[in-house]
Amino acid sequence: MLDKTYDAASVEPRIYETWEKAEAFKAGAGAKDGAPTYSIVIPPPNVTGSLHMGHALNNTLQDILVRWKRMQGFDVLWQPGTDHAGIATQMVVERELMEAQQPGRREMGREAFVERVWEQKRKSEGTILGQLKRLGASCDWSRTEFTMSPNLSDAVLKVFVDLYNEGLIYKSKRLVNWDPKFETAISDLEVENIETDGHMWHFKYPLAGGETYEYVEKDEDGNITLRETRDYISIATTRPETMLGDGAVAVHPKDERYKPIVGKLCEIPVGPKDKRRLIPIITDEYPDPDFGSGAVKITGAHDFNDYGVAQRNKIPMYRLMDTKGAMRSDGAPYAEEAAKAQAIIDGAQMTINEIDLINIVPDDLRGLDRFEARKRVIDQITAEGLAVTVSADHPEVAWMKGQAPDWHPLGRAIVKPLEADAEAPAELPMVESKKIMQPFGDRSKVVIEPMLTDQWFVDAKTLAAPALKAVQEGDTKFVPENWDKTYYNWLNDIQPWCISRQLWWGHQIPVWYDEDGKEYCAQTEEEAVALSGGKALTRDEDVLDTWFSSALWPFSTLGWPHETPELERYYKTDVLVTGFDIIFFWVARMMMQGIHFMKEVPFHTVYINSIVVDKNGKKMSKSLGNVLDPLELIDSYGADATRFALASQEVQSRRTLRMSDQAAEGGQRFATKLWNAARFAEMNGCARAADFDPATTRHTLNRWIATELGRCVTEVTAALDDFRFNDASGAVYRFTWNTFCDWYLELAKPIFNGDDEAAKTETRATAAWAIDEILKILHPFMPFLTEELWERLGDEGAKADGLLMLSAWPTAHVSDETAADEINWLVTLISEIRSVRSEMNVPAGAKVSIVLVGTNEETQARLETHRSAILRLARAETIDLADAAPSGSAQIIVGEATVCLPLAGVIDLSAENARLDKEIGKLKGEISKIEKKLGNPKFVEKAPQDVVDGEREKVSEAKTRLEKVLVAKNRLAEIG
């Protein structure tokens, strides 16, 4: 006998252990010889990570697919593993060393530190994998891989060497995102662009030799609004410290204001006065004539846009900072270095590497932190009178006498506070206070510095061409299909892929150097020495970007570069389930490498799952305190409830998924509903009957449930085929809760309690069979509960034939449209009556009369057959037929008949009318308010997409509710 309540906490670990002991997750488990394959590779979580809501959703969807395919008879492999997560894992270990007051990695040395990280890996890897098991993930854990395991490392080395030999991997000095805290290049994905309070300083760059020109501004009609003689060109910058490395000032070629000085030289207004560097004024399409002064300083070594301008115009790029973000202190004195830079302007030819050796940071600024240097640069330029000024009478300028000497933002202007007795100057340096997007390291939380450094790159453009073609020709498709546009945009504008990282944890680059700096690329040092002719070699210290090894995941995990049976059988894989944010960083790179090395795409479908947000549609954030921990949800409501809540809200057309405790609680209620239904059936003698065939049933109710169950199977199967997870879960939910629990069992009660033994036996067997079929359909979504019921329901009847997860996916057994029409008519009739009662606020205990008008013979026969059920379930006192509708009745149409409920004497029409009017006014006001907000272009453009979607969802729900209330209002008018 089933327990009174379902205890997920005790059932789930026991069921999972049962599955593992039975080796039910292993590749091919339950499949017959010759079965078609179905394989998915898990997006490998960080080895030191823990389960978050994104993991929970992503892995729930994968598990639904693989459990469903196993039941369909496929030879299924869900390949698991973890990622070494270079920077994240190294950070964890370094933090632990610091907290334990142990020597840091540089004191330990590379070999000892790497061994310490391996210890951390061995200690923490089980955490994330164990959490996936708690979720119910049915991966083939016997095949668990790690991106730095021996075989996967062999794959990484082979790919690097092969691409190097093909000329597709090379070393180059290019601009990268540089993290000054970890002292390494990082990828765009590891950069968080955050809006912060910033400033824009306006400075004058004097023209060389004191030259002047007529500066003229005109309005849109061509009328002159300003004319003055200038001996400078003004620029604006949010990072004054980078002025030290300027290589040019650029203006738009159509900007008439600066045509007289294009090609001339101007002076960088900082540094020793007698050694000021001169830089050219050039034209380029990049500057916007309508933004600021229209002139842009070009610092190619410290800004990505400037880097492009510098490359196009062959402008020298000077690196200003060291690896820690401090101003460089190496090299010769400034006077000598500035002379080298000036020689380039005068025509001297230097390579990019030779230019990189030049340190043009003035002597007094060397070694300073970049932000301290910023303050010094501002002070020096201002003191020399080369800051663009604003009148002291400007309305946004205020005086702060007696304040500490510091810079203070005042609207557009920043003024230096005056001493109590000081006299206010006539003009002040103009500095705009503005919001700026600033890049931060997602791990280090420090400001990222664009930096010109030597790095290893992959020729991504060459590899991208076949990857682009594969999606265009349909070899791989995206679901939802609109994500292919994101894929195309990235690949059509792809840049060289920086694959080197200045870390110690990761795959060390397989390149060695002799004392002359010549490169030797090989998989082993022995091979490299052989290539060098026996020279003494030193290995490159950098490691590879984590995404490099992850790009090989679909085939390296199957044994490549060895020709293994798994590689031959399961590659290409079927579906990749992942988030949109790594379409470029992972999906596209797997496509590139898979096609290049396997000559075939790595998967035929990429399903892009939603991003999980909180119940209000906001991104989850620790600072906002709205982060949901899936493990806490599992503890509180169970894994099945958490999974079902996620799956039921995963809608292809929506970019976000709102998750809450309430959603998980709803999943728990569903689990309880099914448990109670199974227990009710058990208490009424419904036991699994061996060899039961629903096609042989005779009772209309039983043939109806068998028919509806077949429809449910068809609907769920079609939805999963199309990756419509919410539709699939919705279909099984409606059938289980509404059709089976609320209607079938309710209509079966008189049979269970009646004297017709044949009907009773058939209905008991049908109910038990239907529960088994529900368990099969629901199993991919709620595996623990269904497996438990599958086993326990054999206590009173025939034992289950093996594990539910390895049983066959159900098919439609019966299609009896006559029986279905009859019972669905009954369900519709009672549902409509209940709906009217609810809308009209009829007291729950009040019994009403039912009068049907215009019935045909079939309806009359159905009324007689189901009279007792209608009276009981519709809470009716009588059922009569009439030629005309009684006065004072609410009317609904069911089939050909008009169903009338005389309510004039049952409810207070006046009070109900007032209640409905109040509700209508409230809903209209809410709808108007939201529509006004959505009609504001600024709100739609600037608000986060999840917030806009949330408002649209609110207005849709309010309109749906309003429609229902208006229907009730109209019915009330008919009665009155």
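Anyway, here's the lowdown on the structure attached to this text. As the structure is a computational prediction, the values presented were derived from the model and not from experiment.

## Comments concerning the packing of aromatic side chains
Tallying each qualifying case throughout the model produces 37 aromatic pairs. Ring geometry for Tyr-16 against Phe-25: centres 5.2 Å apart, planes inclined by 55°, an arrangement best described as tilted. One exposure class covers both Tyr-16 and Phe-25, and it is buried. Taken together, the aromatic side chains of Phe-160, Tyr-164, Trp-456, Trp-497 and Phe-548 make up a single cluster linked through ring pairs.

## What about the sheet that holds strand E33 (residues 876–882)?
In spatial order, the strands read E33-E32-E35-E34; together these four strands make up an open sheet with mixed pairing. Each edge of the open sheet is held by one strand with a lone partner, namely E33 and strand E34 (889–894). Within this sheet the neighbouring strands show an average axis-to-axis angle of 25°, counted without direction. Two elements, strand E32 (residues 848–853) and E33, share six bridges in a ladder whose sense is parallel. Following the sheet pairing, Ser-849 is matched in E33 by Thr-878. The strands that helix H25 (residues 817–839) touches are E32, E34 and strand E35 (897–902); relative to E34, the one it contacts most, it runs at about 150°.

## Examining empty space enclosed by the protein
Tallied over the full model, the rule gives two cavities of 30 Å³ or more. By volume, the largest cavity amounts to about 60 Å³. Elements supplying a minimum of two residues to the lining of the largest cavity: helix H20 (661–683) and helix H23 (757–778). Per-class residue counts for the lining of the largest cavity are seven nonpolar, no polar and three charged.

## Some points on the layout of surface pockets
Size it by volume and the second largest pocket reaches roughly 750 Å³. In terms of lining, the second largest pocket is formed by 25 residues, of which the most central are Asp-188, Phe-304, Gln-495, Pro-496 and Phe-584. Counted by class, the lining of the second largest pocket contains 13 nonpolar, six polar and six charged residues.

## Things to note about the side chain of Arg-328
Within the secondary structure, Arg-328 is located in the loop between helix H7 (304–313) and helix H8 (334–345). When near neighbours in sequence (up to four residues on either side) are disregarded, Arg-328 contacts Arg-319, Leu-320, Met-321, Asp-322, Asp-356, Leu-357, Ile-358, Asn-359, Val-361, Arg-366 and Gly-367.

## As for the environment of Gln-495
Inspection of the secondary structure assignment puts Gln-495 in the loop between helix H12 (483–492) and strand E22 (497–498). Given a relative accessible area of 45%, Gln-495 falls into the partly exposed group. With 37 residues separating them along the chain, Gln-495 and Val-458 place their C-alpha atoms 9.2 Å apart. Once residues lying within four places of it in the same chain are set aside, the contact partners of Gln-495 are Arg-174 and Ala-460.

## Focus on the nonpolar core
Ranked by size, the top nonpolar core spans 203 residues in total, and within it Met-659 and Phe-781 carry the most contacts. The residues contacting Phe-781, other than those within four sequence positions of it, are Ile-64, Asp-640, Arg-643, Phe-644, Ala-647, Val-716, Leu-720, Phe-725, Ala-728, Ser-729 and Val-732. Residues Ala-185, Phe-203, Ile-261 and Met-327 belong to the second largest nonpolar core, which totals 45 residues.

## Here's the deal with the sheet that holds strand E6 (residues 184–186)
Taken together, the four strands give an open sheet; going across it, the order is E6-E5-E20-E22, and neighbouring strands pair in antiparallel fashion. Strands at the two margins of the open sheet, each flanked by one partner only, are E6 and E22. As judged from the two bridges shared by strand E20 (residues 449–458) and E22, these two strands associate in the antiparallel manner. Across the sheet, the residue bridging to Val-458 is Trp-497, located in E22.

## A short note on H20
Compared with the 33 Å implied by 1.5 Å per residue over 23 residues, the 32 Å span of H20 between its first and last C-alpha is a close match. Along H20, the residues classified as buried are Ala-663, Ala-664, Gly-667, Phe-670, Ala-671, Leu-674, Trp-675, Ala-677, Ala-678, Ala-681 and Glu-682. Elements that come into contact with the buried residues of H20 comprise helix H18 (630–637), helix H19 (639–648), helix H22 (725–752), H23 and helix H24 (783–792). With its phi angle positive at about 80°, Gly-685 sits one or two positions after the end of H20.

## Examining H24
In terms of burial, H24 is largely enclosed, as nine of its ten residues are buried. Those residues of H24 that fall on the buried side of the exposure criterion are Pro-783, Phe-784, Leu-785, Thr-786, Glu-787, Glu-788, Leu-789, Trp-790 and Arg-792. On its buried face, H24 is in contact with helix H1 (8–21), helix H2 (53–71), helix H5 (110–135), H19, H20 and H23.

## Quick word on the pairing of strand E2 (residues 75–79)
Most of E2 is tucked away, with five of its five residues classed as buried. Here E2 shows a buried face lined by Asp-75, Leu-77 and Gln-79 and a second buried face lined by Val-76 and Trp-78. Bridge analysis of strand E1 (residues 37–41) against E2 gives five bridges, and the strand direction is parallel. Among the inter-strand pairings, Ile-40 is bridged to a residue of E2, identified as Trp-78. Once the chain exits E1 it traverses H2 before rejoining the sheet at E2, and the crossover so formed is right-handed.

## Here we look at the environment of Arg-230
Along the chain, the position of Arg-230 falls in strand E9 (residues 224–230). The exposure class of Arg-230 is buried, given its relative accessible area of 10%. As for Arg-230 and Pro-206, which are separated by 24 residues in sequence, their C-alpha atoms are 9.0 Å apart. Discounting chain neighbours no more than four positions away, the residues touching Arg-230 are Leu-207, Glu-211, Thr-212, Tyr-213 and Tyr-215. Only 2.6 Å separates the side chain of Arg-230 from the side chain of Glu-228, close enough to count as a polar contact.

## What to know about the packing of helix H21 (residues 700–721) against H22
Packing of H21 against H22 leaves a shortest axis separation of 9 Å and a crossing angle of 170°. Relative to H22, the element H21 lies roughly antiparallel. Residue classes in the contact of H21 with H22 are distributed as 19 nonpolar, two polar and four charged.

What counts and what doesn't
Residues numbered from 1 in each chain as written. Predicted model: local features only at pLDDT ≥ 70, side-chain atom pairs only at ≥ 80, totals over all residues. Heavy atoms only, no water. Phe/Tyr/Trp six-rings, centres within 6.5 Å; stacked < 30°, edge-to-face > 60°. Buried < 20%, exposed > 50% of the residue type's maximum accessible area, 1.4 Å probe, protein only. Pairing = 2+ DSSP bridges. Helix = DSSP H or I, 4+ residues; strand = E, 2+ residues; numbered from the N terminus. Axes fitted to C-alpha atoms, helices over the stretch in contact; angles between N-to-C directions. Contact = heavy atoms within 4.5 Å. 1 Å grid on protein atoms, 1.4 Å probe; cavity = no way out; pocket = protein on both sides within 12 Å on 5 of 7 lines; lining within 4 Å. Points joined across faces, edges and corners; volume = space filled by probe spheres on them. Nonpolar A, V, L, I, M, F, W, Y, C, P; charged D, E, K, R; others polar. Core = buried A, V, L, I, M, F, W, Y, C linked by side-chain atoms within 4.5 Å. Expected span 1.5 Å × (residues − 1). Right-handed = clockwise from strand over helix to strand, strands pointing away. Polar contact = N/O pair within 3.5 Å; in protein donor to acceptor, adjacent residues only side chain to side chain. Parallel < 35°, antiparallel > 145°, perpendicular 65-115°, else oblique.

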